[in-house]
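# Commentary on secondary and tertiary structure
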Amino acid sequence: MTNTTRTFPEGFLWGGAIAANQAEGAWNVDGKGLSTADIAIYRKGVAKSEYKKHNAITEEQIQEAMESTSDREYPKRRGIDFYHRYEEDLALFGEMGLKTLRLSIAWTRIFPNGNETEPNEAGLQFYERVIDGMLKQGIEPLITLSHYEMPMYLVNHHGGWTDRIVVDYFVHFCQTVFNRYKEKVKYWITFNEIDSIVRHPFTSGGIVPDRFDNVEQAVYQALHHQFVASSLAVKYCHEIIPGSQIGCMLTKLTTYAHTCNPEDVLVASRDNQFNLMFTDVQVRGAYPYFTKRLFAEKGIVLDMLEGDEEILKVHTVDFISFSYYMSLVSSVDGDRLEQVSGNTTGGVKNPYLNTNDWGWQIDPVGLRISLNELYSRYGVPLFIVENGIGAVDTFEEDGSIQDDYRIDYFRSHMEQMHEAILDGVELMGYTSWGVIDLISYSSSEMEKRYGFIYVDQDNDGNGTLERKRKKSFFWYKDVIANNGLKNPCSI
């Protein structure tokens with residue numbers, strides 16, 4: 001086949017992504033408070049498709065976790081010890097040539113309970129060291145303000161994001177980090193996958209279902225508070241850091257109709273419309289027209305304060321960031337059709353797609369479709385901040401990890417990114433998930449590996465934590481050095 005060069009725009013932000021709760025560990029070090037991520041359970045021996053989901057957490061599980069000091073039963077407490085090994089990891093990221101690193105700031109490192117007046121200086125100093133280390137390596141920080149780990153104090157005393165006062169607490173946290181890092185950080189993201197609150201109320205909103213008579217009402221009220229908080233974060237980011245850019249983040253759930261039956265098409269259309277509701281509010285500045293019927297049919301009545309609509313309208317985001325792992329299929333007969341699992345939700349199997357070890361459907365063309373859909377709807381810059389494949393990596397006899405499957409996955413998606421750019425889409429950058437192996441959020445396991453860098457740790461926490469470059473490490477290093485794919489037809 002012909003050697004073809006696919007060069008990306010000058011200044012394209014090639015990078016990788018991690019999250020504090022999946023990487024840092026050190027859950028009880030230097031004054032950090034307990035977060036929702038610190039009570040995420042891993043149960044050895046349970047089938048992959050049946051891991052405890054965080055939206056199913058019970059009052060009993062909460063109490064057990066609050067009393068436990070185990071980092072074996074609750075693996076995110078140990079992470080991959082990025083807290084103590086960040087210099088080593090940043091050196092590896094620098095060697096790879098990353099232009100940007102997406103990471104999150106743990107709210108509970110800065111305000112352990114979430115509602116303190118004065119911040120925890122040790123937490124602020126930790127992130128300052130990390131940011132300085134990134135800049136030393138020539139890596140642009142891209143910081144997520146809320147990534148699935150609100151303070152447990154706010155969960156237990158305020159019902160998570162259902163209480164309006166949490167908006168004030170979060171805004172104070174945002175102002176604190178904006179002021180502290182304003183000379184060093186230009187790119188920010190408000191809420192990681194803000195739409196996930198409807199699927200995972202506890203993970204995303206700190207909502208314990210046992211504590212609410214009407215969980216769905218609680219979820220949408222909490223979501224409204226997050227929308228307002230996101231807009232206020234945009235306001236203060238622009239005021240405190242002139243020239244900064246701050247975006248929202250969506251789980252992009254591009255959905256196809258199972259057949260050309262108009263009923264299937266209508267179901268898929270509504271699913272896509274609902275997925276884009278979350279960006280409609282944050283980019284267009286208002287709830288879209290169809291939410292009036294949606295809320296009425298669900299019996300949802302939002303408690304809005306005077307001025308909320310103006311806040312949403314005025315303080316819209318600069319760019320849309322999103323995660324993309326797989327596409328979905330919808331049908332009116334979905335319950336009777338073959339199903340697959342996924343990182344967000346299961347669904348109807350697409351016979352035209354392959355799946356990974358965890359049943360996720362691999363659809364590179366769906367990424368191009370998603371990019372065009374978002375850009376044609378909003379016309380603002382886009383940023384892919386999560387995309388990757390979880391796999392069980394094995395060592396060869398020579399000690400290497402020949403993860404050609406990972407290279408194939410990334411290359412096929414990057415080809416479609418390039419096609420979307422040729423289509424006219426304005427794409428700022430790409431941060432793979434995750435740039436280094438870390439604790440899986442959905443199942444709290446370690447064997448579902450995403451990284452270009454192997455971390456010696458198993459599901460039970462055994463291992464040396466030694467870092468090792470995979471074959472994909474050198475492949476991605478080459479992609480970044482060439483600002484694109486020299487030869488997308490070969491590994």
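Residues numbered from 1 in each chain as written. Predicted model: local features only at pLDDT ≥ 70, side-chain atom pairs only at ≥ 80, totals over all residues. Heavy atoms only, no water.

Here we come to the packing of aromatic side chains. Evaluation of the coordinates by the stated rule reveals 33 aromatic pairs. Note on Phe8 and Trp14: the rings are 4.8 Å apart at their centroids and 65° apart in plane angle, and the pair reads as edge-to-face. Overall, Phe8 belongs to the buried group, its relative accessible area being 3%. Look at Trp14 and Tyr430: their rings are 6.3 Å apart centre to centre, the planes differ by 70°, and that puts the pair in the edge-to-face class. Residue Trp14 is found in strand 2 (residues 13–17), and its partner Tyr430 is found in strand 15 (residues 427–433); the two are separated by 416 residues along the sequence. Side by side, Trp14 and Tyr430 carry an identical accessibility label, which is buried. Arg469 extends its terminal NZ or CZ atom over the ring of Phe473, reaching a point 5.7 Å from the ring centre. (Phe/Tyr/Trp six-rings, centres within 6.5 Å; stacked < 30°, edge-to-face > 60°. Buried < 20%, exposed > 50% of the residue type's maximum accessible area, 1.4 Å probe, protein only. Helix = DSSP H or I, 4+ residues; strand = E, 2+ residues; numbered from the N terminus. Lys NZ or Arg CZ within 6 Å of the ring centre and 35° of its normal.)

This brings us to the nonpolar core. With 139 residues, the main nonpolar core has Trp188, Met417 and Tyr476 as its most contacted residues. The element that contributes the greatest number of residues to this core is helix 9 (residues 215–240), accounting for 13 residues. Among residues more than four places away in sequence, those in contact with Trp188 are Leu142, Ile143, Leu145, Val177, Phe178, Tyr181, Cys237, Ile241, Gln245, Ile246, Gly247 and Phe319. Leu13, Ile189, Phe319 and Val385 belong to the second-largest nonpolar core, a separate cluster that totals 9 residues. (Core = buried A, V, L, I, M, F, W, Y, C linked by side-chain atoms within 4.5 Å. Contact = heavy atoms within 4.5 Å.)

Below, the discussion takes up the confidence of the model for the protein chain. Low-pLDDT portions of the prediction should not be read for the details of their coordinates. The share of residues in the protein chain with pLDDT of 70 or more is 94%, and the mean pLDDT across the chain is 93. Confidence drops under a pLDDT of 50 for residues 44–55, and excluding neighbours within four residues, the segment shows 25 contacts in the predicted structure. (pLDDT = per-residue confidence, 0-100.)

Attention now moves to the pairing of strand 14 (residues 382–386). Within strand 14, 5 of the 5 residues are buried, leaving the element largely enclosed by the surrounding structure. With 4 bridges connecting them, strand 8 (residues 319–323) and strand 14 associate as parallel partners. Across the sheet, Ile320 pairs through a bridge with Leu382, a residue of strand 14. Between the parallel pair strand 14 and strand 15, the chain is carried across by helix 14 (residues 404–423), and the sense of this crossover is right-handed. (Pairing = 2+ DSSP bridges. Right-handed = clockwise from strand over helix to strand, strands pointing away.)

Note on placement: Ile407 falls in helix 14. A relative accessible area of 1% places Ile407 in the buried class. Each C-alpha atom of the pair Ile407 and Trp475 lies 7.3 Å from the other, and the pair is 68 residues apart in sequence.

This part covers the side chain of Asp280. One can find Asp280 in helix 10 (residues 262–284). Judged by relative accessible area, Asp280 falls into the buried class, the value being 1%. Within the structure, Asp280 has its side chain in polar contact with the side chain of Arg377 (distance 2.9 Å). The contacts of Asp280, once residues within four sequence positions are left out, are Gly285, Ala286, Pro288, Phe290, Arg377 and Tyr378. (Polar contact = N/O pair within 3.5 Å; in protein donor to acceptor, adjacent residues only side chain to side chain.)

This model, assessed by the stated rule, comprises 0 disulfides. With no disulfide of its own, Cys174 has Cys237 as its nearest cysteine by sulfur position, at a separation of 8.8 Å. When its relative accessible area of 0% is taken as the criterion, Cys237 is described as buried. (Disulfide = S-S within 2.5 Å.)

Helices that pack against each other are described as a pair by the angle of their axes relative to one another and the distance between those axes. Where helix 7 (residues 165–181) meets helix 9, the axes come as close as 9 Å, and the angle between the chain directions of the two elements is 25°. Here helix 9 runs roughly parallel to helix 7, going by the angle between their axes. Pair helix 7 / helix 9 crosses with right-handed handedness. Contacts between helix 7 and helix 9 involve Val167, Phe170, Val171, Cys174, Gln175, Phe178 and Asn179 from the first element and His225, Val228, Ala229, Leu232, Ala233, Tyr236, Cys237 and Ile240 from the second. Looking at the contact of helix 7 with helix 9 residue by residue, the class counts come to 12 nonpolar, 3 polar and no charged. (Axes fitted to C-alpha atoms, helices over the stretch in contact; angles between N-to-C directions. Parallel < 35°, antiparallel > 145°, perpendicular 65-115°, else oblique. Left-handed = near helix turned anticlockwise from the far one by under 90°. Nonpolar A, V, L, I, M, F, W, Y, C, P; charged D, E, K, R; others polar.)

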